[in-house]
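Take a look at the letters that make up each chain.
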Amino acid sequence: DAGVIQSPRHEVTEMGQEVTLRCKPISGHDYLFWYRQTMMRGLELLIYFNNNVPIDDSGMPEDRFSAKMPNASFSTLKIQPSEPRDSAVYFCATAQYTEAFFGQGTRLTVV
Amino acid sequence: DQQVKQNSPSLSVQEGRISILNCDYTNSMFDYFLWYKKYPAEGPTFLISISSIKDKNEDGRFTVFLNKSAKHLSLHIVPSQPGDSAVYFCAATVMKTSYDKVIFGPGTSLSVIP
């Protein structure tokens, strides 16, 4: 397995634009997590899914953020409209038992 | 309020010496703890974990110690190598019958000086 695959690796967008981050989980992993990493707050859990169903989205900062998992092999995190303070590295991770496996992240810059 | 704290943002250690990374947590419900290592431009990778029924877990050069009464854990790397230079995240979760959300600390950047 190629591991967790995220795209794009880098995204630069203008404030107010819609941004969609994509994640392909490891096959067979039941859990999928979206994290955001910033200097100030480290790795924050935004939302996680179990068997494609959102379990806890309490970490989603605002209504501008939404996440979907339409099937077991794909998830998206959307920000609409984007703001400069959304600039961060966004990680997708998947897990089956205990430890989670992370993708390489998407570095988002909103100017 | 951060439930998992790593109060040292950075640490420098000489090659061959011991690196000790500390982590404190506030939620007494946490019963499973993990350490992840992250290199620049890569995602975090799992390093070592410990269950609350243990106070020590060892894997090669890496040992994690857990002090439940103090709500404190530490990661020891002996001997430290330049390749260990990375950001280390402490994480904690509540292991019930299924996977629960993992809370990460802010990370400690370790530099091992040759």
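Fair warning: this is a prediction, and the values are worked out from it, not measured in the lab.

Colleague: I keep staring at the sheet that holds strand β1 (residues 5–7) of chain A and nothing clicks. Help me out?
Modeller: Hydrogen bonds between backbone groups are what pair the strands of a sheet, and the pairing can be parallel or antiparallel. All names here are of chain A. Taken in spatial order, the four strands line up as β1-β3-β8-β7 in an open sheet, and their pairing is antiparallel. Each having just a single partner strand, β1 and β7 (65–71) make up the two edges of the open sheet. Taking each pair of neighbouring strands and ignoring which way they run, the sheet shows an average axis angle of 15 degrees. Sheet topology places strand β3 (residues 19–24) next to strand β8 (residues 74–79); five bridges connect them, and they run antiparallel.

Colleague: For this particular structure, what's the right way to read the pattern of salt bridges?
Modeller: Pairing between side chains of opposite charge can happen when the charged atoms of each approach one another. Residue and element names in this part refer to chain A. Counting across every chain of the model gives nine salt bridges over all chains. Where Glu44 meets Arg36, a salt bridge forms, and the shortest distance between an N and an O atom there is 3.4 Å. The pair Glu44 / Arg36 is uniform in exposure class, with both members buried. Close ionic contact of Arg64 with Asp86 constitutes a salt bridge, the shortest N to O distance being 2.7 Å. Residue Arg64 is located in the loop between β6 (53–56) and β7, and its partner Asp86 is located in the loop between β8 and β9 (88–95); the two are separated by 22 residues in the primary sequence. The same class applies to Arg64 and to Asp86, which are both buried. Counted as one network, the salt bridges with shared partners bring together Glu62, Arg64, Glu83, Arg85 and Asp86.

Colleague: Which parts of the structure should I look at to understand the packing of aromatic side chains?
Modeller: The tally for this structure, following the rule as stated, stands at 14 aromatic pairs over all chains. These aromatic residues form a ring-pair network of at least three members: Tyr31, Phe33, Tyr35, Tyr48, Phe91 and Phe102 of chain A together with Tyr36, Phe46, Phe89 and Phe104 of chain B.

Colleague: What exactly am I supposed to notice about the side chain of Ser74 of chain B here?
Modeller: Residue and element names in this part refer to chain B. Secondary-structure assignment places Ser74 in strand β8 (residues 72–77). What makes Ser74 buried here is its relative accessible area of 7%. At 3.3 Å, the side chain of Ser74 and the side chain of His76 are in polar contact.

Colleague: Mind showing me how you'd approach the sheet that holds strand β1 (residues 4–5) of chain B here?
Modeller: Pairing in this open sheet of five strands is antiparallel, and the strands run β1-β3-β8-β7-β6 (chain B) from one edge to the other. In the strand order of this sheet, the two ends are held by β1 and β6 (56–59) of chain B, each with one partner.

Colleague: So what exactly am I meant to see when it comes to the interface of chain A and chain B here?
Modeller: Many structure descriptions define interface size as the accessible area lost when the parts assemble. Contact residues are listed per partner, giving 21 residues for chain A and 20 residues for chain B. For the pair chain A and chain B, the two sides together bury roughly 1600 Å², of which 60% comes from carbon and sulfur. There are zero salt bridges connecting chain A and chain B. Along the contact surface separating chain A from chain B lie three residue pairs in polar contact (both at pLDDT 80 or more). Mapped onto the side of chain A that touches chain B, the elements with two or more residues apiece are β4 (31–38), β5 (42–50), β9 and β10 (100–102) of chain A. Partitioned by chemical class, the residues of the side of chain A that touches chain B number eleven nonpolar, six polar and four charged.

What counts and what doesn't
Counting starts from 1 at the beginning of each chain's written sequence and moves along it residue by residue. Each chain gets a letter, beginning with A, and each ligand a number, beginning with 1, in the order they are written. Selection of residues for local features in this predicted model requires a pLDDT of at least 70, selection of side-chain atom pairs for listing and counting requires 80 or more, and totals for whole chains, interfaces and linings are taken over all residues. The basis for every side-chain value is the complete set of non-hydrogen atoms in the structure, without hydrogens or water. Two strands are counted as paired when DSSP detects at least two bridges linking them. We count a stretch as a helix when DSSP gives it H or I for four or more residues in a row; a strand needs E for two or more, and each element gets its number in order from the N terminus. To get an axis, a line is fitted to the C-alpha atoms, and for a helix only the part in contact is used. The angle between two axes follows their N-to-C directions and goes from 0 to 180 degrees. Salt bridge criterion: a side-chain nitrogen from Lys or Arg within 4 Å of a carboxyl oxygen from Asp or Glu. Under the scheme applied here, a residue whose accessible area is under 20% of the maximum for its type counts as buried, over 50% as exposed, and between as partly exposed, the area being computed with a 1.4 Å probe on protein chains only. Two rings from Phe, Tyr or Trp (for Trp, the six-membered ring) form a pair when their centres are within 6.5 Å of each other. A pair whose planes differ by under 30 degrees is stacked, one over 60 is edge-to-face, and the rest are tilted. Side-chain atoms alone can form a polar contact between residues adjacent in sequence; in general such a contact is a pair of N or O atoms within 3.5 Å, and within protein one must be able to donate a hydrogen while the other accepts it. Contact criterion: two residues are considered in contact whenever any of their non-hydrogen atoms come within 4.5 Å of each other. Buried area: the accessible area, evaluated with a 1.4 Å probe, that two parts lose upon being put together, summed over both parts. Note on residue classes: Ala, Val, Leu, Ile, Met, Phe, Trp, Tyr, Cys and Pro are nonpolar, Asp, Glu, Lys and Arg are charged, and everything else, Gly too, is polar.

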